[in-house]
Structure formats: C-alpha cells, structure tokens
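# Understanding the architecture of this molecule
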Amino acid sequence: MEDNERRLRKFAALAGSVFLIPPCICWVFWIAAVSSSPNASQGERVKRFLSHFPAALQDPQLLTIIALVSCILAVMLSTVSMKESSGIFRFIGVLTIIVASFLGLLSFFTTL
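The paragraphs below set out a description of the structure included in this document. Nothing here was measured: the structure is a model prediction, and the numbers come from that model.

Another point: the overall build of the protein chain. A count of helices and strands for the protein chain gives 5 helices and 0 strands. Tracing the protein chain from N to C terminus, the helices and strands come up as α-α-α-α-α. Over its C-alpha atoms the protein chain spans a radius of gyration of 17 Å, topping by over 25% the 13 Å that the globule rule assigns to 112 residues. Taking the principal axes of its C-alpha atoms as reference, the protein chain extends roughly 55 × 25 × 25 Å. For the protein chain, the residues scored as buried account for 29% of the 112 residues in total.

Look at helix H5 (residues 88–110): 33 Å from first C-alpha to last across 23 residues, which is about the 33 Å you get at 1.5 Å a residue. All buried positions along H5 are accounted for by Ile92, Gly93, Thr96, Ala100, Leu103, Gly104 and Ser107. Check the buried side of H5 and you find it contacts helix H1 (2–18), helix H2 (21–36) and helix H4 (60–81).

Let's shift gears to the environment of Val34. If you trace the backbone, Val34 turns up in helix H2. Through-space distance from the C-alpha of Val34 to that of Gly93 is 31 Å; in sequence the pair is 59 residues apart.

On inspection of all chains with the given rule, the structure shows 1 salt bridge. A salt bridge links Arg9 to Glu5, with the shortest nitrogen-to-oxygen separation between them at 3.8 Å. Residue Arg9 and its partner Glu5 are located together in helix H1, separated by 4 residues, close to a single helical turn. Look at Arg9 and you get buried, because its relative accessible area is 17%. The exposure class of Glu5 is partly exposed, given its relative accessible area of 40%.

A separate point is the packing of H2 against H4. In contact at an axis separation of 8 Å, H2 and H4 are set at 140 degrees when each is read in the N-to-C sense. Considering their axes alone, H2 and H4 lie oblique with respect to each other. Crossing hand, H2 versus H4: left-handed. From H2, Pro22, Pro23 and Cys26 reach across to H4, where they touch Leu63, Ile66, Ala67, Ser70 and Cys71. A breakdown of the residues in the contact of H2 with H4 according to their chemical character gives 7 nonpolar, 1 polar and no charged.

Analysis parameters
Residues numbered from 1 in each chain as written. Predicted model: local features only at pLDDT ≥ 70, side-chain atom pairs only at ≥ 80, totals over all residues. Heavy atoms only, no water. Helix = DSSP H or I, 4+ residues; strand = E, 2+ residues; numbered from the N terminus. Rg over C-alpha atoms; globule rule 2.2 N^0.38 Å. Buried < 20%, exposed > 50% of the residue type's maximum accessible area, 1.4 Å probe, protein only. Expected span 1.5 Å × (residues − 1). Contact = heavy atoms within 4.5 Å. Salt bridge = Lys/Arg side-chain N within 4 Å of Asp/Glu carboxyl O. Axes fitted to C-alpha atoms, helices over the stretch in contact; angles between N-to-C directions. Parallel < 35°, antiparallel > 145°, perpendicular 65-115°, else oblique. Left-handed = near helix turned anticlockwise from the far one by under 90°. Nonpolar A, V, L, I, M, F, W, Y, C, P; charged D, E, K, R; others polar.

Below, the structure is given as structure tokens:
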C-alpha cells in the first residue's frame, strides 16, 4: 500500500509541474508580443498575443482563467506530493509551488 502512495505522490509532483505549462506559454507569448513591437498600441499587442492561440481560445479572460486554474492545480498537486517526499521530488514540488505562485499572482494582478 505504501508503494502505491509513493507512486501517487511522485505522479502528483510531476503532474503539478505539467500544470505550469499553460501559464508559462501564455507569458512567453505575451512577452514575445510586447517585445516584437515596442511602439505598438496596447490593442495591437493584444491582437498579436491572441493570434498565437486557436479561435476558441482568443478571449483574454478565458486565457487568464485557464492560467489561474492551472496555477492553483499545480500548487495543490505539489503540496500533496511533498508529504513525506525527499530528494528530487521535494525539489520539484518546492520549485513548482514557487513558480506557480508567482505566475498565479502575476495573472491575477493583470486582470485588475
């Protein structure tokens, strides 16, 4: 029974880091849109940013919600996985919590 719990915790640590991918992609695309046209207006930057996504995801509020939910899930899964874990999985968990918290706060405060 303990082996299954350990496997689940390792899986949770890795799944938590996988949930960081959507917010990271959003921020990379946003940085690319802003840096590629420094003299463009905010509307043009948003259009350029949204052009990276399929038609169903071209709503800034939807992208923000997806990023926030992904960050929350990453923190929750990493918190669960850190119970009695050690070594590389503890490091992955702590790193995931730090990055997800940072990206979540960044996403949240950009919506205000």
